[in-house]
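# A look at the structure
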Amino acid sequence: MGRLTISGVSHAYPALDGSTGPNVLDNVGFDVRDREFVCLLGPSGCGKTTLLRIAAGLEPLTSGEISLNNTPIMGPDPKRGMVFQQYSLFPWRTILSNVTFGLEMRYRGQDRASLRKKASRYLELVGLEQFKDSYPHALSGGMQQRAAIARALATEPEVLLMDEPFGALDAQTRNTMQVELLKVRSRKHITVLFVTHSVDEAVFLADTVVVMTARPGRVSQVFPVDLPHPRNRTGQEANQIRDGILKLLQKNAQQANPYFVA
């Protein structure tokens, strides 16, 4: 079970003089239901990544609360797996050893052979089993990100937090990785909170899209995406949802900047 509850979250970074700076997030609240895939969408600087890092326990919050299954999040925990935009693989470790690393941190003292066996199962899940003895530099960007996803999944978290994981990939690889992620999720039934700048990506992946305003980030509107998988990227229903989100983003941009021209 992995239910994430975000209640009245505000956050401000300290200014250079030690005072509290302006809010990055302002009274943000929404729920991520168990096994739900939620995409967080909004303009640059609206606090999407900050919110994700707070949910991961990597940043404090100024006020409010984020809880997992009604337990407040106070710091990092294996129950929440994190995948960053940069692949964050150790270049001196093989792909198998990279995936095993997360298991070593969670299950200290356990038999190393059993951890490697478990890591191998997750490499197989993301289609990288045959590359387990390769080093990251020998793999493409998409393959490295698959390895990062396998490492996050191997510890069997209740929630997977993903910060623009496909943002650095070319369009074709990005589309492929989206499909692969949905395949993995269908097998593992995991809750996902996914940050993206791409409306197309959000509509293709998500059960729910949460649209943020410009800084300070607030929840502008929540869009349910009640479309079955596999989805037609250019189907009429997907286009209608995409059009609604794009119009909202344009409206928000005009409100934030009266001189904005679409």
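Each remark here, short or long, concerns the structure printed above.
Nothing here was measured: the structure is a model prediction, and the numbers come from that model. Counting restarts for each chain, with residues numbered from 1 along the sequence as it is written. For a predicted model such as this one, the threshold for reporting local features is a pLDDT of at least 70, and the threshold for listing and counting side-chain atom pairs is 80 or more; totals across whole chains, interfaces and linings nevertheless cover every residue. The side-chain values count all of the structure's non-hydrogen atoms but skip hydrogen atoms and water molecules.

### Quick word on empty space enclosed by the protein
In the cavity and pocket records, a cavity denotes points on a 1 Å grid over the protein atoms alone where a 1.4 Å probe fits but cannot get out, a pocket denotes an open set with protein on both sides within 12 Å along at least 5 of 7 lines, and lining residues are residues with an atom within 4 Å of a point. Grid points are joined across faces, edges and corners, and a volume is the space filled by probe spheres set on the points. Across all of its chains, the model carries 2 cavities of 30 Å³ or more by this definition. Computed from the structure, the largest cavity encloses a volume of approximately 60 Å³. Looking at the lining of the largest cavity, the elements with two or more residues in it are helix H4 (141-154) and helix H5 (171-188). Counted as a void, the second largest cavity has a volume near 40 Å³. A helix here means a DSSP run of H or I that spans at least four residues, while a strand means a run of E at least two residues long, and both kinds are numbered starting from the N terminus.

### Focus: the nonpolar core
Counting residues in hydrophobic clusters, the biggest one holds 52 residues, and the most contacted among them are Phe37, Leu153, Leu160, Met162, Phe194, Val209 and Ile245. Ranked by residue count, the leading element in this core is H4, at 8 residues. The contact criterion used is simple: two residues touch if any of their non-hydrogen atoms lie within 4.5 Å. Filtering out sequence-adjacent residues up to four positions away, Val209 remains in contact with Cys39, Leu41, Ala202, Gln221, Val222, Phe223, Val225 and Ile245. We call a set of buried Ala, Val, Leu, Ile, Met, Phe, Trp, Tyr and Cys residues a nonpolar core when their side-chain atoms join them within 4.5 Å. When a residue's accessible area, from a 1.4 Å probe over protein chains only, is under 20% of the maximum for its type it is buried; when over 50% it is exposed; and in between it is partly exposed. Counting 25 residues, the second-largest nonpolar core is a separate cluster that includes Leu4, Leu25, Ile66 and Ile73.

### Describing the sheet that holds strand S4 (residues 63-68)
The strand order across the open sheet formed by 4 strands is S2-S1-S4-S5, and the pairing between neighbours is antiparallel. The open sheet has two edge strands, strand S2 (20-32) and strand S5 (71-72), and neither has a second partner. If DSSP finds at least two bridges between two strands, the strands pair. Judged from the 7 bridges that link them, strand S1 (residues 4-14) and S2 form a sheet pairing that is antiparallel. What sits directly across from Ile6, in S2, is Phe30.

### Brief notes about the sheet that holds strand S10 (residues 219-224)
The sheet built from 6 strands is open, its strands ordered S6-S7-S8-S3-S9-S10 with mixed pairing. The sheet is open, and its two borders are formed by strand S6 (80-83) and S10, each paired with just one other strand. Strand-to-strand twist in this sheet, taken as the mean axis angle between neighbours without regard to direction, amounts to 15°. Of the strand pairs in this sheet, strand S3 (residues 37-41) and strand S9 (residues 208-212) are connected by 4 bridges, and their pairing is parallel. Considered in S9, the bridge of Val38 is made with Thr208. To define axes, lines are fitted to C-alpha atoms, for helices over the stretch in contact only, and angles between the resulting N-to-C directions are given on a 0 to 180 degree scale.

### Some words on the pattern of salt bridges
By salt bridge we mean one thing: a side-chain nitrogen of Lys or Arg within 4 Å of a carboxyl oxygen of Asp or Glu. Counted by the stated rule, this structure contains 13 salt bridges. Among the salt bridges present, the one from Glu59 reaches Arg53, with a minimum N-O distance of 3.3 Å. Classification of Arg53 as partly exposed rests on a relative accessible area of 27%. The salt bridge involving Glu129 is made with Lys132; its shortest N-O contact spans 3.5 Å. Since its relative accessible area comes to 32%, Glu129 is described here as partly exposed. Residue classification places Lys132 among the partly exposed residues on the basis of a relative accessible area of 27%. The network of salt bridges with common partners includes Arg93, Glu104 and Arg112.

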